[in-house]
Amino acid sequence: AQKVTQAQTEISVVEKEDVTLDCVYETRDTTYYLFWYKQPPSGELVFLIRRNSFDEQNEISGRYSWNFQKSTSSFNFTITASQVVDSAVYFCALSDNGGGADGLTFGKGTHLIIQP
Amino acid sequence: DSGVTQTPKHLITATGQRVTLRCSPRSGDLSVYWYQQSLDQGLQFLIQYYNGEERAKGNILERFSAQQFPDLHSELNLSSLELGDSALYFCASSARQGRETQYFGPGTRLLVL
């Protein structure tokens, strides 16, 4: 069965520090997709990135970057020069072909606190 | 703003009652998903509809049911409510089915007293 593990329950850093959120996944499928979502204090879930299992290129979007490594089944997320507005809960999610469903399997989330 | 709308934003009800949560997907999206977020279970996939047809079930209780209407909006019905059903219920939509990006609505916060 598919599984997503975010071992870091909570991370607290001072503004302008770089921070990396870890995500490790398990799946038996060779074709799958990985996602990151952000949940700010207001509660909505905001899509950040989608990556398929055949594309191992790292991605950078502004201060955000993602490192996908199939060899270690990891899809880590780095925020460079963190800002207070980055404070949120971040979820890693997996979509594979488990049971034919397209529903996402989420990790437990990492609560990121950026202190001014 | 994801383009997915959910009503109501908040709902307070009593045990044993029945409620209906409503979701309108993004314009043009055919798939609708329902998720439950609770402190103990985290974010869990409940059910998916595609173009009016049920496509897949996740961890959905038998007391819960859903449907997607011809105009593609969806409703999640929760009956015989228990205290443990208190949670944030999200609806998400995607253009088609099959590993596409799901865009989430703002959620409905349900409190069962």
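Structural data are supplied above this passage.
Residues numbered from 1 in each chain as written. Chains lettered and ligands numbered in written order. Predicted model: local features only at pLDDT ≥ 70, side-chain atom pairs only at ≥ 80, totals over all residues. Heavy atoms only, no water.

## A few points about the pattern of salt bridges
All names here are of chain A. With the rule as written, the count across this model stands at 7 salt bridges over all chains. With a closest N to O distance of 3.7 Å, aspartate 55 and arginine 51 form a salt bridge. Residue aspartate 55 is classed as partly exposed on the basis of its relative accessible area, which comes to 26%. Arginine 51 gets classed as buried once you look at its relative accessible area, which sits at 4%. One network of salt bridges, in which partners are shared, links Arg51, Asp55 and Glu59. (Salt bridge = Lys/Arg side-chain N within 4 Å of Asp/Glu carboxyl O. Buried < 20%, exposed > 50% of the residue type's maximum accessible area, 1.4 Å probe, protein only.)

## With respect to the sheet that holds strand β7 (residues 64-68) of chain B
All names here are of chain B. Here we have 4 strands laid out as an open sheet, ordered β1-β3-β8-β7, and antiparallel in their pairing. The open sheet has two edge strands with one neighbour each: β1 (5-7) and β7. Taking the axes of each pair of neighbouring strands and ignoring which way they run, one obtains an average angle of 15° across the sheet. As judged from the 5 bridges shared by strand β3 (residues 19-24) and strand β8 (residues 74-78), these two strands associate in the antiparallel manner. Each residue of the ladder has a partner; that of leucine 21, found in β8, is leucine 76. (Pairing = 2+ DSSP bridges. Helix = DSSP H or I, 4+ residues; strand = E, 2+ residues; numbered from the N terminus. Axes fitted to C-alpha atoms, helices over the stretch in contact; angles between N-to-C directions.)

## A look at the interface of chain A and chain B
Each side of the interface is counted separately: chain A has 20 residues, and chain B has 22 residues. Looking only at chain A, the three residues that lose the most surface to chain B are A:Leu45, A:Asp102 and A:Phe106, adding up to 34% of its buried area. The interface formed by chain A and chain B includes 0 salt bridges. The interface formed by chain A and chain B includes 3 residue pairs in polar contact (both at pLDDT 80 or more). (Contact = heavy atoms within 4.5 Å. Buried area = accessible area lost by both parts, 1.4 Å probe. Polar contact = N/O pair within 3.5 Å; in protein donor to acceptor, adjacent residues only side chain to side chain.)

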